[in-house]
Amino acid sequence: MNSDNLKAQAFIARLLQNPALKGFSLLQREEQIIQFLHVNAVQLAPTLSSPQFFPGKSWPQIFAILVSALIQTIDTDLIPEIETLVSSRIDYTFFQLLRPQQGDTALIHRQVMDGVRKVLARPEARREMTGPYTAVSFNLVDRYLDESFFRKTYIHFELTKVQRLRLGKEHMTSFVNLNLLLKPAVYLYVSSGQNHQDRNSGMIQNQFAEKATTNLLKELRLVPEQVLKSVAHSSVSFTENRFIEATARLAAVFSARSRSYQAGMNVDRGADTPDKSFFSTARRNYKFYGFDVKVLDELYKIAAENLW
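Everything numeric in this text was worked out from a predicted model, so none of it was measured. (Residues numbered from 1 in each chain as written. Predicted model: local features only at pLDDT ≥ 70, side-chain atom pairs only at ≥ 80, totals over all residues. Heavy atoms only, no water.)

**Topic: helix H11 (residues 169-182)**
Item 1. The terminal C-alpha atoms of H11, which comprises 14 residues, lie 20 Å apart, in line with the 20 Å expected from a rise of 1.5 Å per residue.
Item 2. For H11, the tally of buried residues reaches twelve of 14 residues, placing the bulk of the element in the interior.
Item 3. Looking only at H11, the buried set comprises His-171, Met-172, Thr-173, Ser-174, Phe-175, Val-176, Asn-177, Leu-178, Asn-179, Leu-180, Leu-181 and Leu-182. (Helix = DSSP H or I, 4+ residues; strand = E, 2+ residues; numbered from the N terminus. Expected span 1.5 Å × (residues − 1). Buried < 20%, exposed > 50% of the residue type's maximum accessible area, 1.4 Å probe, protein only.)

As structure tokens, then:
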């Protein structure tokens, strides 16, 4: 490790100690610090280009050094955390209920983790991992599916009758959590300059999703086709494709919600709770985000009734 990297690591370590980052996931902290560097570039540049830090370097060079150090620091904890999520949070026995052949669980873990590592190594895909990783880390899927299975209304109907998944609550939760962790993988197949993605909503064209599915089937041979189709479709607007799987529609919403999720957040008296506030706004703008408004309606009711 050279002196520039050591200085950058020390500087990043101090930024990560900021109490304001408490309650955020690792990738959210990474985004917060990158945003801080962008916003405060004018103030930081003179200090960081001084002899004490990175003399003779331009701000773009300094920024690149700091971001590289930030990613290295975050990955030290992030990779083991995601490995735990991949191997412990998800029950892969639901694969056997989707297709007859039985796969080696250890090999499945390795293949899924290899896919996640590729996502984290590519900047565009890495940014798309923030919401999914945060959602799985903080168990958002688990608690909402618990309620949906109890209510047996729209979401339960779409999962069991329309998508025809013969899975119990625990297996369904594992399906959606795996869907989330693999969701950013579609961005591995987006080349710079290609017009496959809506810059505002983040959604990709349905035609490209089908091509991404083909690539995912080659890369993740041990994962059932139903899961990988749902993975690709979770980045497609429901207004463009009304046949998107319910698991994909849920993954899209939970991914978006979790980009700004903060654990242990205090709510002012009389104010809406964070989840209720998000789902309320999403309901008004569901066409822009490409969400299924009926999914949002049910999640809003659950959040309101549980004060989430």
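**Re the packing of H11 against helix H13 (residues 225-233)**
Item 1. The contact between H11 and H13 brings their axes to 9 Å, and the two run at 55°. By the criterion of interaxial angle, the relationship of H11 to H13 is oblique. In the packing of H11 onto H13, the handedness of the crossing is right-handed. Where H11 abuts H13, its residues Phe-175, Leu-178, Asn-179 and Leu-182 lie against Gln-226, Val-227, Leu-228, Ser-230 and Val-231. (Axes fitted to C-alpha atoms, helices over the stretch in contact; angles between N-to-C directions. Parallel < 35°, antiparallel > 145°, perpendicular 65-115°, else oblique. Left-handed = near helix turned anticlockwise from the far one by under 90°. Contact = heavy atoms within 4.5 Å.)

**Structural notes on the side chain of Ser-234**
Item 1. Positionally, Ser-234 belongs in the loop between H13 and helix H14 (246-258).
Item 2. Looking at Ser-234, its side chain comes within polar contact range of the main-chain oxygen of Val-231, at 2.6 Å.
Item 3. Residue contacts for Ser-234: discarding those within four places in its chain leaves Asn-179, Lys-183, Ala-248, Ala-251 and Ala-252. (Polar contact = N/O pair within 3.5 Å; in protein donor to acceptor, adjacent residues only side chain to side chain.)

**Looking at the packing of aromatic side chains**
Item 1. What the rule picks out here adds up to 13 aromatic pairs.
Item 2. Ring geometry for Phe-138 and Tyr-261: centres 5.3 Å apart, planes at 45°, overall tilted. On the criterion of sequence distance, the pair formed by Phe-138 in the loop between helix H8 (130-137) and helix H9 (140-151) and Tyr-261 in the loop between H14 and helix H15 (274-284) is long-range, its members being 123 residues apart.
Item 3. The class for Phe-138 is partly exposed, based on a relative accessible area of 27%.
Item 4. On the numbers, 5.5 Å between centres and 75° between planes, the contact of Phe-278 with Phe-279 is edge-to-face. The residues Phe-278 and Phe-279 share a single accessibility class, namely buried.
Item 5. Here the aromatic residues Tyr-144, Phe-254, Phe-278, Phe-279 and Trp-308 are joined through ring pairs into a cluster of three or more.
Item 6. The cationic tip of Arg-283 hangs over the ring face of Tyr-300; the distance from NZ or CZ to the ring centre is 4.2 Å. (Phe/Tyr/Trp six-rings, centres within 6.5 Å; stacked < 30°, edge-to-face > 60°. Lys NZ or Arg CZ within 6 Å of the ring centre and 35° of its normal.)

**Structural notes on unusual backbone geometry**
Item 1. Within the chain, Lys-152 stands out as a residue other than glycine whose phi angle is a positive 55°.
Item 2. Among the structural elements, Lys-152 can be located in the loop between H9 and helix H10 (154-162).
Item 3. Under the relative-accessibility criterion, Lys-152 is labelled exposed at 55%.
Item 4. In this structure, Leu-307 takes a positive phi of about 55° despite not being glycine.

**Focus on the pattern of salt bridges**
Item 1. Overall, the coordinates contain 19 salt bridges when judged by the stated rule.
Item 2. One salt bridge in this structure joins Asp-75 and Arg-126, with 2.9 Å as the shortest N-O distance. Residue Asp-75 is located in helix H4 (residues 59-89), and its partner Arg-126 is located in helix H7 (residues 123-128); the two are separated by 51 residues in the primary sequence.
Item 3. Residue Asp-75 is classed as partly exposed on the basis of its relative accessible area of 21%.
Item 4. Using a relative accessible area of 1% as the deciding quantity, one classes Arg-126 as buried. (Salt bridge = Lys/Arg side-chain N within 4 Å of Asp/Glu carboxyl O.)

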